[in-house]
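Coordinates in review
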Amino acid sequence: MSGQSGGLDITLPENLRTIWRKALRRTRSLRLRLFFVIFFVALIPCVIMRHALTSNYIEQAVSVRKSTVTNQMETIAAHLITYNYLEEGASEVIDAELAQISSLYDGRIIIVDPELTILRDTYDISTGKTMISEEVIRGLTEGTGFSQYDANNGYIEIVTPIKSQPTGSTVTESGEQTGVTVNGVMLTSVSTDTIVATRDRLNTQGIIVEALTIVIVLSLAIFLSGASTEPFRRLAGEMLNVRAGYSNEPIHINNTLETQQICDSFNTVLEREKVLDDSREEFVANVSHELKTPITSMKVLADSLLAQEDAPVEMYREFMGDIAGEIERENRIINDLLTLVRADRQAGTELEVRETDINKLTETVLKRLKPIAVKKDVELIFESVRSVSASVDEVKITQMITNLVENAIKYNKDHGWVRVVLDADHQNFFLSVSDSGVGIPEESLAHIYERFYRVDKSHSREIGGTGLGLALTRSAVIMHHGIIECSSKPGEGTTFTVTIPLIYRKI
Ligand SMILES: Nc1ncnc2c1ncn2[C@@H]1O[C@H](COP(=O)(O)OP(=O)(O)OP(=O)(O)O)[C@@H](O)[C@H]1O
Ligand SMILES: [Mg+2]
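Regarding its fold elements, the protein chain presents twelve helices and 14 strands. Per-residue burial for the protein chain yields a buried fraction of 35% across its 507 residues. Taking all contacts inside the protein chain whose residues are at least 6 apart in sequence as the whole, residues at least 24 apart take part in 64%. A gap of 9 Å separates the mean positions of the 51 positive and 69 negative side-chain charges of the protein chain.

Right, here's the structure in full:
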C-alpha cells in the first residue's frame, strides 16, 4: 500500500505504519500521561534547585572573597603608611602580613609607587621593574580601589590605593576628601581555584543526587501511574467479558469513585438491556401463541369437517361460520399489533390532530357499542358535565374510548351498568369510565397495560380478549401527552380516568 502526503508519494511498509499507528494510540493512554506528569512534576524542582545552587555559588563566593580581601588590603594599605614602608622599603610586620595573605589565598601582591616602579612583589620576580598597567594607572590617578573577576583565568584582581591623609585634610559636602595624596597602589591577585573546585564538587554531588532522584522518581512514576490506572484496566477487562458474552453479571470495581460511577452507569444500561431482552422474548412468545390459537381452532374445525364423510350442508355452514370468526379474530390481532408497532416507532409524531367535539365523539362510540351492552343487559349512562372541544387525533381517541367502554361492558355482571363522565377545566378534559363489574385485583393493576396481559386468562378466552386493548389505549393517551389512571375494587367495579390536554402540543 502507498500513503500519499503533501503531493509526495511516500511508500511506507504496512508493518511500519501499524507500528506508527500503535505508537500514536499509546500517546492517548491515561497511564502514559500520568507517568509523565508524575515524573516531571517530581523531577523539575530537583533539577532547578541544583542548577540554581551551583550557578549562584561562584557569583556569591567571588563577591564574598572580593570584599574580604579588599578589607584586608585596605588595612595593610593603612599599615604601609603607618610603618612608612614606601620610604623605608622594609618592615617585618608588613612583610609578615603580605606573606600571610598571599599564602592564604594562593595569591600575589605587588606594591607600586607613583612612578610605576615595583617596590615589592611577593613572588620576588619583578621587584625594581616598572609596571605599566591600566589598573595601576587608574588606581593612582583616581585614588579609589576596585576589583574585577577574571573567570577565564580563574583569579580576582584587587587594586588598593595607598593613601596618606595629612593633618588638616577636610571632607567636602559631596563626601570627597581634600588634601589626600596617593602614595602608591597595591595590586593583589587571588586565585579562585578553590571556589571553582568547591563548585565542581557540589556539581558532582548534585548530579549523583539527581541521578538517584531520577531512578526513584522513575520507579515511583511507573508504580503510581500503574496503580492509579489499574481499576480502569480491570473495568475494561470486565466490560469486554460482558461484551463478548462470557458474563452477564453486573460489574463492581469500587476502588475509585470514578470507576464506581462508570460501573453504576454500565450496570443500569445492562439491566435495561436485560429487561428489554426479557420483554422482547416474552412479547415474541405471546405473539406466536396468540396467532397460533385461531389457526389451531380453524385446523380442528376443518379436520372434523373432513373426517365426516357425508356432512350435512348445515354443518358445513356452521363450521365455516366458526372458521370465518377465527379468521376475523386473527385479522384483528394482526391489526392491533401493527398499530402498536407503528405507535412505538413513531412515538407520537404522526398524529392527525384536529379540533374535535368530544361530546359528539363519545356519543357516537356509545351508540356503536349499545348492541353489545344490550346483549349483556348492561345499562350505558353518559354524563356530560360540559361541552368539550379539543385538538386531538379523532381515530385514536375513538379507539381509546371504545376500548375502555368495551372492557367495562365485557368485564361486567349481567344487569350491571357503565357510566361515562366527560368533564373539563381550562387545560384538560377528563373522561372517566366506571363499571359495576368484576374489578381488577391489586397485584394486576400494574400489568393491565402490558401487551397480551389478561387478569383471568381462561375466562378471557371465552370473552375473546387478546390483552392488546389497554396497551393501545395507553399508547393513544401518551401520544396526546395525557395520563391514564385506574382504580378498582374486585367484585365491585372499576374506574378508568383519562386526562388529556385540550390543546395538543408537539414536544
Ligand atoms: N373494566 C374492567 N374491569 C375488569 N377487568 C378489566 C377491565 N378492563 C380491563 N380489564 C382486565 O385487563 C385485561 C387487559 O385488558 P385489555 O383491554 O388490554 O385486553 P382484553 O380486553 O383482554 O383484550 P382486547 O381488548 O385486546 O380485546 C383484561 O383481560 C381484563 O382482565
Ligand atoms: Mg379490551
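The rest of the description comes next.
What follows deals with the sheet that holds strand E12 (residues 428-435). Taken in spatial order, the five strands of this open sheet run E9-E11-E12-E14-E13, and their pairing is mixed. Only two strands of the sheet have a single partner each, and these edge strands are strand E9 (379-384) and strand E13 (483-489). Between one strand axis and the next, the sheet turns through 10 degrees on average, direction left out of account. Both E13 and strand E14 (residues 493-501) contribute to a ladder of seven bridges, which runs antiparallel. Bridge pairing in E14 links Ile483 to Thr499. With respect to the sheet, helix H9 (residues 358-376) is in contact with E9, strand E11 (417-424) and E12, its orientation differing from that of E9 by roughly 175 degrees. With respect to the sheet, helix H12 (residues 469-479) is in contact with E13 and E14, its orientation differing from that of E13 by roughly 140 degrees.

For the rest of this paragraph, the subject is the domain arrangement of the protein chain. The domain architecture assigned to the protein chain consists of domain 1 (294-346) and domain 2 (353-501). In this assembly, nine residues from domain 1 lie in contact with twelve residues from domain 2. In this assembly, domain 1 packs against domain 2 so that about 1000 Å² is buried in total across both faces, 57% of it on carbon and sulfur atoms. Of all residues in domain 1, Arg329, Asp336 and Leu340 give up the largest surface area on contact with domain 2, accounting jointly for 47% of the area buried on that side. Classifying every residue of the side of domain 1 that touches domain 2 by side-chain character gives four nonpolar, one polar and four charged.

Although it is not a glycine, Asp124 sits at a positive phi angle of roughly 60 degrees. Looking at where Asp124 falls in the secondary structure, it is placed in the loop between strand E4 (118-121) and helix H5 (134-142). Here His481, not a glycine, exhibits a phi torsion of approximately 60 degrees, which is positive. Structurally, His481 is set in the loop between H12 and E13. Since its relative accessible area comes to 33%, His481 is described here as partly exposed.

On to the site of ligand 1. Near ligand 1 you find 21 residues, and of these Asn407, Tyr411, Gly467, Leu468 and Leu470 are the closest. One of the side-chain nitrogen or oxygen atoms of Lys410 is found 3.3 Å away from an oxygen atom of ligand 1. Between ligand 1 and the protein, one listed contact pairs an oxygen atom with a backbone N or O atom of Gly469 at 3.0 Å. When ligand 1 sits alone it has 590 Å² of accessible area, and the protein chains cover 98% of it. The element best represented in the shell around ligand 1 is helix H10 (residues 394-410), accounting for three residues. Residue composition of the shell around ligand 1, by class: ten nonpolar, seven polar and four charged.

By the secondary structure assignment, Thr160 is in strand E6 (residues 155-164). Owing to a relative accessible area of 3%, Thr160 belongs among the buried residues under this scheme. When sequence neighbours within four positions are dropped, the list of residues in contact with Thr160 reads Met73, Glu74, Ala77, Gly184, Val185 and Met186.

Right, let's talk about the pairing of E14 for a bit. For E14, a buried count of seven out of nine residues is recorded, marking the element as mostly surrounded by other parts of the structure. The sheet contact formed by E12 and E14 spans seven bridges and is antiparallel. Bridge assignment links Val433 to a residue of E14, and that residue is Phe496. Between E13 and E14, which pair antiparallel in sequence order, lie three residues; one of them, Gly491, sits at a positive phi of approximately 90 degrees.

Right, let's talk about empty space enclosed by the protein for a bit. Under the definition given, this model contains one cavity of 30 Å³ or more. Of the voids in this model, the largest cavity is the one considered here, and its volume is about 30 Å³. Surrounding the largest cavity, Thr339, Ala343, Lys396, Gln399, Leu472, Ser475 and Ala476 form its lining. Elements with a contribution of two residues or more to the lining of the largest cavity: helix H8 (313-346), H10 and H12. Sort the elements by how many residues they give to the lining of the largest cavity and H12 lands first, with three residues. For the lining of the largest cavity, the residue count by class is three nonpolar, three polar and one charged.

Right, let's talk about the packing of helix H6 (residues 193-244) against helix H7 (residues 257-307) for a bit. Running from amino to carboxyl end, H6 crosses H7 at an angle of 10 degrees, the nearest separation of the two axes being 10 Å. Judged by the angle between their axes, H6 and H7 are roughly parallel. Along its contact with H6, which presents Pro231, Phe232, Leu235, Met239 and Val242, the element H7 presents Glu258, Thr259, Ile262, Cys263, Phe266 and Leu270.

Basis of the calculations
All residue numbers refer to position in the chain's written sequence, counted from 1. Labels follow written order: the first chain is A, the first ligand is 1, and so on. This being a predicted model, a pLDDT of at least 70 is required before a residue's local features are given, and a value of 80 or more before pairs of side-chain atoms are given or counted; all residues contribute to the totals for chains, interfaces and linings. Here the side-chain values reflect all heavy atoms present in the structure, with hydrogen atoms and water set aside. Secondary structure elements follow DSSP: runs of H or I no shorter than four residues count as helices, runs of E no shorter than two count as strands, and numbering proceeds from the N terminus. Relative accessibility decides the category of a residue: with a 1.4 Å probe and only protein chains considered, values under 20% of the type maximum give buried, values over 50% give exposed, and everything between is partly exposed. The criterion used for residue contact is that any of the two residues' heavy atoms lie within 4.5 Å. Under this rule, positive means Lys or Arg and negative means Asp or Glu; His and the chain ends count for nothing. Where a charge sits is defined by one atom per residue type, namely NZ (Lys), CZ (Arg), CG (Asp) or CD (Glu). Criterion used throughout: strands pair if DSSP finds at least two bridges between them. Interaxial angles span 0 to 180 degrees and are taken between N-to-C directions of axes, which are lines fitted to C-alpha atoms, for helices over the stretch in contact. Each domain's limits were defined by an automated method or a database of domain assignments. Buried area is calculated as the accessible area (1.4 Å probe) missing from two parts once they are joined, with the contributions of both summed. Polar here means any residue outside two lists: the nonpolar Ala, Val, Leu, Ile, Met, Phe, Trp, Tyr, Cys and Pro, and the charged Asp, Glu, Lys and Arg; Gly therefore counts as polar. By convention in these notes, a residue is near a molecule or strand provided one of its non-hydrogen atoms lies within 4 Å of it. N or O atoms within 3.5 Å of each other form a polar contact, as long as, within protein, one can give a hydrogen and the other can take it, and as long as residues adjacent in sequence are counted only when both atoms are side-chain atoms. Methods summary: accessible areas were calculated by the Shrake-Rupley approach with a probe of 1.4 Å, and residue burial reflects only the protein chains presented. Two kinds of site are reported from a 1 Å grid over the protein atoms alone, namely cavities, where a 1.4 Å probe fits but cannot get out, and pockets, open sets with protein on both sides within 12 Å along at least five of seven lines, and residues are called lining when an atom falls within 4 Å of a point. Grid points are joined across faces, edges and corners, and a volume is the space filled by probe spheres set on the points. Comment on the angle field: the value is read as roughly parallel under 35 degrees, roughly antiparallel over 145, roughly perpendicular from 65 to 115, and oblique elsewhere.

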